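# Close look at the chain arrangement
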Amino acid sequence: MAGHSKWKQIKHYKAATDAKRGALFTRLIREITMAAKLGGGDPAGNPRLRTAIDTARSSSMPKDNIERAIKKGTGELEGVDYQEVTYEGYGPGGVALIIETVTDNPTRTVAEIRAKMSRNNGNLGTPNSVAFLFDRAGVITIPAAGRDEDTVMEAALDAGAQDFRREDEEFIVSTDPTDFHLVRSALEAKGLPIAEAELQMLPKSTIAVAGEQAAQLLKLIDLLEELDDVQKVWANFDIDDAALAEL
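This text gives an overview of the structure that appears in the document. All of these numbers come straight from a predicted model, not from anything done at the bench. Counting starts from 1 at the beginning of each chain's written sequence and moves along it residue by residue. Predicted model: local features are reported for residues with pLDDT of at least 70 only, side-chain atom pairs are reported and counted for 80 or more only, and whole-chain, interface and lining totals are derived from all residues. Side-chain figures throughout are based on the complete set of non-hydrogen atoms in the structure, without hydrogens or water.

### Topic: the sheet that holds strand β6 (residues 170-175)
Neighbouring strands of a sheet are bound in pairs by backbone hydrogen bonds; such pairs are parallel or else antiparallel. Stated precisely, the cut-off is as follows: Strand pairing follows a simple DSSP-based rule, namely that at least 2 bridges must link the two strands. Only DSSP runs of H or I with at least four residues qualify as helices, and only runs of E with at least two residues qualify as strands; both kinds are numbered from the N terminus onward. Here the axes come from fitting lines to C-alpha atoms, over the contacting stretch only for helices, and the angles between their N-to-C directions go from 0 to 180 degrees.
Read from one edge of the open sheet, four strands run β5-β6-β4-β7, paired in antiparallel fashion. The sheet is open, and its two edges are formed by β5 (163-167) and β7 (196-203), each paired on a single side. Pairwise comparison of adjacent strand axes, ignoring direction, gives a mean angle of 30° for this sheet. One ladder, built from eight bridges, connects strand β4 (residues 134-143) with β7; its direction is antiparallel.

Structure representation (structure tokens):
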């Protein structure tokens, strides 16, 4: 699961920006709406919707908000017609960026992203210009406290996981994207609590950045994530712990 330890840095950074902006519910609602639109409103038959609902519940989203988002996706309630668009490019230091969006106006969205990129030492690229630098994988996190590592590893591998590792106080399970929901369901069926579960874009290799370049990169990621249409930003940077603490 190359690159996962680098995502620990990104995850903590992203958590801070989400809390600062208070925009998490907006993202979650759009994901629920899009999942319902593409796969129907029944979470039992729509694994993506089930994951989106679980994530929303873990973030204390009210039940009414979840139900409205589902009905807007299925067309039972009038709502915005969203579509998924992914943009790619490079940030400071030549760091590759993948920007996932859910938007009702791609023309507006690409203009906003291009403006942020061009004003902050980045460049918007063409489709597939950086996607080859990443692998898509399912990543499931299980709290390690009070659990035997060998037992959890056996459960993960029996469920069809590709890889298993311990990182600090968490067990990290990686899966093929097509097996992600099956593996998660199998782990839950064995009584293992899921702290986090999502499909991620994991870098095949990373680019080290430090100092002013690192500050510029994190600023650009922050500005991109502040855009209403942006759901997630993936990047292949590596900042060592000491440099990250200084930022």
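### A look at the nonpolar core
Heads up, the rule is: Only buried Ala, Val, Leu, Ile, Met, Phe, Trp, Tyr and Cys residues count toward a nonpolar core, and they belong to the same one when joined by side-chain atoms within 4.5 Å. Burial classification: accessible surface area is computed with a 1.4 Å probe over protein chains only, and a residue below 20% of its type maximum counts as buried, one above 50% as exposed, and the rest as partly exposed.
Membership of the largest hydrophobic core comes to 21 residues, with the highest contact counts inside it found for Leu97, Ile99, Ile113, Ile221, Leu224 and Phe237. Residue assignment for this core shows that the elements contributing at least two residues are β1 (83-90), β2 (96-103), α5 (106-118), α8 (211-226) and β9 (230-235). Sort the elements by how many residues they give to this core and α8 lands first, with six residues. Counting residues in hydrophobic clusters, the runner-up holds 16 residues, among them Ile142, Val152, Val183 and Ala197.

### Some details on unusual backbone geometry
The phi torsion at Asn128 lies on the positive side, around 70°, for a residue other than glycine. Mapped onto the fold, Asn128 is located in the loop between β3 (123-124) and β4. Residue Asn128 is classed as exposed on the basis of its relative accessible area, which comes to 58%. Even without a glycine there, the phi angle at Asp168 is positive, about 55°.

### Digging into the side chain of Thr103
Put simply, the rule is: Pairs of N or O atoms within 3.5 Å make up the polar contacts considered here, provided that, within protein, one atom can donate a hydrogen while the other can accept it, and that residues adjacent in sequence are counted only when both atoms are side-chain atoms. Two residues qualify as a contact provided that any one of their heavy atoms is within 4.5 Å of a heavy atom in the partner residue.
Tracing the chain through its elements places Thr103 in strand β2. A polar atom in the side chain of Thr103 sits 2.7 Å from the side chain of Thr109. Apart from the residues within four sequence positions on either side, Thr103 is in contact with Arg30, Asp81, Tyr82, Gln83, Val85, Arg108, Thr109 and Asp229.

### Some points on the pattern of salt bridges
Here is the rule: In the sections that follow, a salt bridge refers to a side-chain nitrogen of Lys or Arg positioned within 4 Å of a carboxyl oxygen of Asp or Glu.
All told, the structure shown has 14 salt bridges when counted by the stated rule. Among the salt bridges present, the one from Glu67 reaches Lys63, with a minimum N-O distance of 3.9 Å. Linking Glu67 with Lys63, this pair stays in helix α4 (residues 63-74), spanning four residues, or about one helical turn. On the basis of relative accessible area, Glu67 is assigned to the partly exposed category, the value being 33%. We classify Lys63 as exposed; its relative accessible area is 61%. The salt bridge partner of Arg165 is Glu167, with a shortest N-O separation of 3.5 Å. Several salt bridges converge on common partners, so that one network encompasses Arg30, Asp104, Arg108 and Asp229.

### Structural notes on helix α6 (residues 149-159)
Selection criterion: What the arc covers is the set of directions going from the helix axis to the C-beta atoms.
Considered for burial, the residues of α6 that qualify are Val152, Ala155, Ala156 and Ala159. The buried residues of α6 occupy an angular sector of 95° when the element is viewed end-on, so they sit on one face. Seen from the open side of α6, the exposed residues pointing more than 90 degrees away from its buried face are Asp150, Glu154 and Asp158. Buried residues in α6 make contact with β4, β5, β6 and α7 (180-189). The backbone nitrogen of Asp150 has a side-chain oxygen 3.4 Å away, supplied by the residue at the start of α6, namely Asp148.

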